[in-house]
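The residues making up each chain are set out below.
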Amino acid sequence: MNMNLHTNTNVEVPARTSVGSIISVAIRISLVFIILCGLVYPLLSTGLAQVLMPKQANGSLIKDANGTVIGSEVIGQMFKDQKYFQGRVSSIEYNAASSGSNNYAPSNPDMLKRTQESAAEWTKNNPDVPLSEVPIQLLTNSGSGLDPHISPKSAEVQIPRISKLTGISAGELEKLVESHTEGRDLGVFGEPRVNVLMLNIDLQKLMK
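Note that the coordinates shown come from a computational prediction; the quantities given were computed from them, not determined experimentally.

(A) Examining the overall build of the protein more closely. Regarding its fold elements, the protein presents 7 helices and 5 strands. For 208 residues, the compact-globule estimate of 2.2 N^0.38 gives 17 Å, and the C-alpha radius of gyration of the protein, at 31 Å, exceeds that figure by more than 25%. Along the first, second and third principal axes, the C-alpha set of the protein runs to 120 × 45 × 30 Å. With 208 residues in all, the protein has 29% of them scored as buried. Expressed as a percentage of contacts within the protein between residues at least 6 apart in sequence, the contacts between residues at least 24 apart total 56%. Split by element, the accessible area of the protein, about 14,300 Å² in all, is 59% carbon and sulfur.

(B) Quick look at the side chain of arginine 114. With respect to the helices and strands, arginine 114 occurs in helix 3 (residues 109-125). The contact partners of arginine 114, leaving out residues within four places of it in the chain, are Val89, Leu139, Thr140 and Asn141.

(C) Broad picture of the layout of surface pockets. In this model, the largest pocket occupies a volume close to 640 Å³. The element contributing the most residues to the lining of the largest pocket is helix 3, with 6 residues. Considering only residue class, the lining of the largest pocket consists of 7 nonpolar, 10 polar and 7 charged. Of the pockets and cavities examined, the second largest pocket occupies roughly 260 Å³.

(D) The packing of helix 6 (residues 170-179) against helix 7 (residues 196-207), seen in detail. Across the interface, helix 6 lies against helix 7 with an axial gap of 10 Å and an inter-helix angle of 150°. The element helix 6 and its partner helix 7 pack so that their crossing is right-handed. When helix 6 is examined against helix 7, the residues Glu172, Leu173, Leu176 and Val177 are found in contact with a partner set consisting of Leu199, Asp202, Leu203 and Leu206. A class-by-class count of the residues in the contact of helix 6 with helix 7 yields 6 nonpolar, no polar and 2 charged.

(E) Expanded view of the nonpolar core. Formed by 23 residues in total, the largest nonpolar core has its most connected members in Phe85, Trp122, Val177, Leu199 and Leu203. Among the secondary structure elements, those contributing two or more residues to this core are helix 5 (159-166), helix 6 and helix 7. Of the residues forming this core, the biggest block, 4 residues, is contributed by helix 7. With sequence-adjacent residues up to four places away left out, leucine 199 is seen in contact with Phe85, Ala155, Leu176, Val177, His180 and Val194.

(F) Region of the structure containing the packing of aromatic side chains. For the structure shown, the criterion picks out 1 aromatic pair. Consider the rings of phenylalanine 79 and tyrosine 84, whose centres lie 6.0 Å apart with planes at 35°: the pair is tilted. For phenylalanine 79, a relative accessible area of 15% translates into the label buried.

(G) Here's a closer look at the sheet that holds strand 3 (residues 149-150). Taking strand neighbours across the sheet as the criterion, the 3 strands line up as 3-5-4 in an open arrangement whose pairing is antiparallel. Every interior strand has two partners, whereas the edge strands, strand 3 and strand 4 (181-182), have only one. Across the sheet, helix 7 is in contact with strand 3 and strand 5 (193-195); its angle to strand 5 comes to roughly 60°.

Rules and cut-offs
- Residues numbered from 1 in each chain as written.
- Predicted model: local features only at pLDDT ≥ 70, side-chain atom pairs only at ≥ 80, totals over all residues.
- Heavy atoms only, no water.
- Helix = DSSP H or I, 4+ residues; strand = E, 2+ residues; numbered from the N terminus.
- Rg over C-alpha atoms; globule rule 2.2 N^0.38 Å.
- Buried < 20%, exposed > 50% of the residue type's maximum accessible area, 1.4 Å probe, protein only.
- Contact = heavy atoms within 4.5 Å.
- Areas by Shrake-Rupley, 256 points an atom, 1.4 Å probe, with all protein chains shown as cover.
- 1 Å grid on protein atoms, 1.4 Å probe; cavity = no way out; pocket = protein on both sides within 12 Å on 5 of 7 lines; lining within 4 Å.
- Points joined across faces, edges and corners; volume = space filled by probe spheres on them.
- Nonpolar A, V, L, I, M, F, W, Y, C, P; charged D, E, K, R; others polar.
- Axes fitted to C-alpha atoms, helices over the stretch in contact; angles between N-to-C directions.
- Left-handed = near helix turned anticlockwise from the far one by under 90°.
- Core = buried A, V, L, I, M, F, W, Y, C linked by side-chain atoms within 4.5 Å.
- Phe/Tyr/Trp six-rings, centres within 6.5 Å; stacked < 30°, edge-to-face > 60°.
- Pairing = 2+ DSSP bridges.

Next comes the structure, spelled out in structure tokens:
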């Protein structure tokens, strides 16, 4: 029996992809993502932030009556004059260009030395308030070194010193601290806190 086998000579064999075409595709994809991620997304997110929350997007800046920037609500400041409320210890002096602090263990000699110095400084400036009543946060560094807040208790223990130096009654200062006490976020997260810069701005008004 004869069988005729027919070979299909019309079948097309896919051409081998050239290196040049692969590079071309890669370049086009890269350009698309550069435009999307490097231009479109930043412009879109920046624009939305300026529309929805312009104050926060611009750094939560605080200005005086003349429009001069005097600080930010989210970055602490040094107040060397003892007439003002003091914030937490900052090993970087609240320099926002280099946030962070030394990750010392409690037994570290440098940590112990700095804490002892802070305690001695407190005792010198606040003879009416024993060290045992001072919240530990006033003697220790925050993780960022930029913390703008202290606890209400940390503000209250400074009232005797400030009252003596400014002549403002302790009662007035207590009301001032109370008015600046912020509650927990959404009533649940975090702890009650006081923004030191905002508190001192209103304290300065009472001095006048």
